[in-house]
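Examining the three-dimensional arrangement
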Amino acid sequence: MTAMEMSRRPAASVGRRFYLIMSLLMAAVFVGGFSTTVPGDFAPPGLPLLLHVHGAISTCWVLLFVAQPAFIARGSLKLHRQVGMVGAGLAGLMAIMALVATVFAIRYGRVPPSSRPPSSCS
């Protein structure tokens, strides 16, 4: 065994739990950030279908973001790679939907109050 092999720690002991924990924390931030707006989005008049589709795709992305390191943590490298191919398509779809939802929100005045520029006091 060479000195390089002896000093190197296996990837399993270094990153598996770290990436899983970080993905769970990111998902918690996602849920926490949208938990104040989503319940009101379903009450009449609610949001347009386009924005619900955008939210569903984004939620699928977050679920995939948590699932991928979970697959690695349990040693399912083959499943991780297979789902990763789906994730590549989902990432492209999410980028397109984010752009479409942004343009829609700006065009129809559906921008949240926290995103509007401050009004000037004269």
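This report concerns the structure included in the present document. What you are looking at is a predicted structure, and each value in this text was computed from that prediction instead of being measured.

**A word on the overall build of the protein**
A tally of helices and strands in the protein yields five helices and zero strands. What you see in the protein, going N to C, is helices and strands ordered as α-α-α-α-α. With 122 residues in all, the protein has 18% of them scored as buried. Across the protein, contacts joining residues at least 24 apart in sequence account for 74% of those joining residues at least 6 apart. When the accessible surface of the protein is summed, it comes to about 9300 Å², and 71% of that surface belongs to carbon and sulfur atoms.

**Overview of helix α4 (residues 49-73)**
Between its first and last C-alpha atoms α4 spans 36 Å; for 25 residues at 1.5 Å apiece the expected length is 36 Å, and the two agree. Where α4 terminates, the next one or two residues include G75, which has phi positive at roughly 85 degrees.

**What about the side chain of Q68?**
The residue Q68 is located in helix α4 in this model. A distance of 3.0 Å separates a polar side-chain atom of Q68 from the backbone oxygen of H80. Contact partners of Q68, with chain neighbours within four places excluded, come to H80, V83 and G84.

**Re the packing of α4 against helix α5 (residues 77-107)**
Interaxial distance between α4 and α5 falls to 9 Å at its minimum, and their mutual angle equals 155 degrees. Accordingly, the angle class assigned to the pair α4 and α5 is roughly antiparallel. Judged by the twist between their axes, the crossing of α4 over α5 is left-handed. Of the residues that constitute the contact of α4 with α5, the class distribution is 21 nonpolar, six polar and no charged.

Calculation criteria
- Residues numbered from 1 in each chain as written.
- Predicted model: local features only at pLDDT ≥ 70, side-chain atom pairs only at ≥ 80, totals over all residues.
- Heavy atoms only, no water.
- Helix = DSSP H or I, 4+ residues; strand = E, 2+ residues; numbered from the N terminus.
- Buried < 20%, exposed > 50% of the residue type's maximum accessible area, 1.4 Å probe, protein only.
- Contact = heavy atoms within 4.5 Å.
- Areas by Shrake-Rupley, 256 points an atom, 1.4 Å probe, with all protein chains shown as cover.
- Expected span 1.5 Å × (residues − 1).
- Polar contact = N/O pair within 3.5 Å; in protein donor to acceptor, adjacent residues only side chain to side chain.
- Axes fitted to C-alpha atoms, helices over the stretch in contact; angles between N-to-C directions.
- Parallel < 35°, antiparallel > 145°, perpendicular 65-115°, else oblique.
- Left-handed = near helix turned anticlockwise from the far one by under 90°.
- Nonpolar A, V, L, I, M, F, W, Y, C, P; charged D, E, K, R; others polar.

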